[in-house]
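Here are the chains, one letter per residue:
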Amino acid sequence: MALSDHTKNRYRRVIRTSMITLAVFLLVVAMAIPIANNAIALAEEKRLKNLPLPNGADLVGSVSAAGNLTNVTKTMQYYGAILIRSDLPRDEISAHYNQYRERAFDCIVEDAEGARDILSTLDLSDINAAFSADAVQDNWYLVYSWGTPPEWLTDILNLDSRV
């Protein structure tokens, strides 16, 4: 039994519409995943910026990044950081931020030397010049956090091309 031209055209339209719908869906997903990952990293940066600074400290800059930043694992990593200028010792600044720590890799404080070491392994200088390892001055401190996405979204967000 041969199909009529009318039936063949109907099948062609259904297949064409399905393929276009699938292509649009995949394009939207491919754009939404990096945007969602960047939003998670930006939320870490904003949270750190909104925390009260220690007495006498000034905010130098802030930055966020999402991607495979350390090449340790094949998963997305979310980094938010602020640079502050202060004459206080590291212990006092660390004690100040300990009260805001929500998880293990949150509100970590590094002095200038530690900041230079960390920033030399992460390429954030194209995002913010203050986060170049060479730009960090002796009375600056790096306060940073590694963010985490919602557990149920982890596998989907790891589909980002930056992993």
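Residues numbered from 1 in each chain as written. Predicted model: local features only at pLDDT ≥ 70, side-chain atom pairs only at ≥ 80, totals over all residues. Heavy atoms only, no water.

### Points about the sheet that holds strand β1 (residues 58-67)
As a general point, the strands of a sheet are linked pairwise by backbone hydrogen bonds and lie either parallel or antiparallel. Cut-off, in case you're wondering: Two strands are counted as paired when DSSP detects at least two bridges linking them. Numbering goes from the N terminus for both helices and strands, where a helix is a DSSP run of H or I of at least four residues and a strand is a run of E of at least two. Under this scheme, a helix contributes an axis fitted over its contacting stretch, all axes are lines through C-alpha atoms, and angles between N-to-C directions fall in the 0 to 180 degree range. Note on contacts: a residue pair qualifies if any of its non-hydrogen atoms lie within 4.5 Å across the two residues.
Spatially, β1-β2-β4-β3 is the arrangement adopted by the four strands of the open sheet, whose pairing is antiparallel. The open sheet has two edge strands with one neighbour each: β1 and β3 (108-110). Put simply, the sheet's adjacent strands are angled 20 degrees from each other on average, direction ignored. As judged from the eight bridges shared by strand β2 (residues 77-85) and strand β4 (residues 140-147), these two strands associate in the antiparallel manner. Looking at β4, one finds that Tyr78 is bridged to Gly147. Packing of helix α1 (residues 5-50) onto the sheet brings it into contact with β1, β2 and β4, and relative to β2 it is tilted by some 25 degrees.

### With respect to a positive patch on the surface
Which entries qualify depends on this criterion: Exposure above 30% relative accessible area and the absence of a salt bridge qualify a residue for a patch, where like charges join within 9 Å and nonpolar side chains (Val, Leu, Ile, Met, Phe, Trp, Tyr) within 5 Å. The Shrake-Rupley method, run with a 1.4 Å probe, gives the accessible areas here. Residue values count only the displayed protein chains as cover. The working definition used for a salt bridge is a side-chain nitrogen of Lys or Arg within 4 Å of a carboxyl oxygen of Asp or Glu. Under this rule, positive means Lys or Arg and negative means Asp or Glu; His and the chain ends count for nothing. The location of each charge is read from NZ of Lys, CZ of Arg, CG of Asp or CD of Glu.
A surface patch of positive charge is lined by Lys8, Arg10, Arg12, Arg13 and Arg16. The residue Arg13 is located in helix α1 in this model.

### Some words on helix α3 (residues 112-121)
Convention followed: The buried label applies to any residue whose accessible area, calculated with a 1.4 Å probe on protein chains only, is under 20% of its type's maximum; exposed applies above 50%, and partly exposed to all values in between. By arc we mean the arc of the directions from the helix axis to the C-beta atoms, nothing more.
Every buried residue of α3 is listed here: Ala112, Gly114, Ala115, Ile118 and Leu119. Buried residues of α3 fall within an arc of 155 degrees about the axis and therefore sit on the same side. Exposed residues lying more than 90 degrees from the buried face of α3 are Glu113, Ser120 and Thr121.

### Some thoughts on α1
We apply this condition: One fewer than the residue count of a helix, multiplied by 1.5 Å, yields its expected span.
The first and last C-alpha atoms of α1 sit 66 Å apart over 46 residues, in line with the 68 Å expected at 1.5 Å per residue. Along α1, the positions that sit buried rather than exposed are Ile33, Asn37, Ile40, Ala41, Glu44, Glu45, Arg47 and Leu48. Close packing links the buried residues of α1 with β1, β2, β4 and α4 (154-157).

### Brief notes about the packing of aromatic side chains
Let me state the cut-off plainly: Ring pairs shown here join Phe, Tyr and Trp side chains whose ring centres sit within 6.5 Å, with only the six-membered ring taken for Trp; geometry is labelled stacked below 30 degrees between planes, edge-to-face above 60, and tilted in between.
Tallying each qualifying case throughout the model produces two aromatic pairs. Both rings, one in Tyr79 and one in Trp146, keep their centres 4.8 Å apart while their planes meet at 55 degrees; by these two values the pair is tilted. You can see Tyr79 sitting in strand β2 and its partner Trp146 sitting in strand β4, a full 67 residues away along the chain. Of the two residues examined, Tyr79 and Trp146, each falls in the buried class. Ring-pair connections join several aromatic residues into one group, and the members of that group are Tyr79, Tyr144 and Trp146.

### A closer look at the pairing of β2
The buried count for β2 comes to eight of nine residues, which makes it a mostly enclosed element. Note that β1 and β2 share nine bridges and pair antiparallel. If you follow Ala66 over to β2, its bridge partner there is Tyr78.

### Examining the pairing of β4
The element β4 is largely enclosed, with a buried count of eight among its eight residues. Here β4 shows two buried faces, one formed by Trp140, Leu142, Tyr144 and Trp146 and the other by Tyr141, Val143, Ser145 and Gly147. Of the pairings in the sheet, the one linking β3 to β4 comprises three bridges and is antiparallel in character. Its bridge partner being in β4, Ile108 is matched across the sheet by Tyr144.

### Section: the environment of Arg90
As for its placement among the helices and strands, Arg90 is situated in helix α2 (residues 90-98). In the structure, Arg90 is positioned 13 residues away from Gln77 in sequence and 26 Å away in space, judged by C-alpha atoms.

### Some thoughts on the nonpolar core
Put simply, the test is: Side-chain atoms within 4.5 Å link the members of a nonpolar core, which is a set of buried Ala, Val, Leu, Ile, Met, Phe, Trp, Tyr and Cys residues.
If you look at the biggest cluster of nonpolar residues, it comprises 20 residues, and the most contacted ones within it are Tyr79, Ala81, Leu119, Leu124, Phe131, Leu142 and Tyr144. One finds Ile82, Tyr97, Tyr141 and Val143 within the second-largest nonpolar core, a separate group that totals eleven residues.

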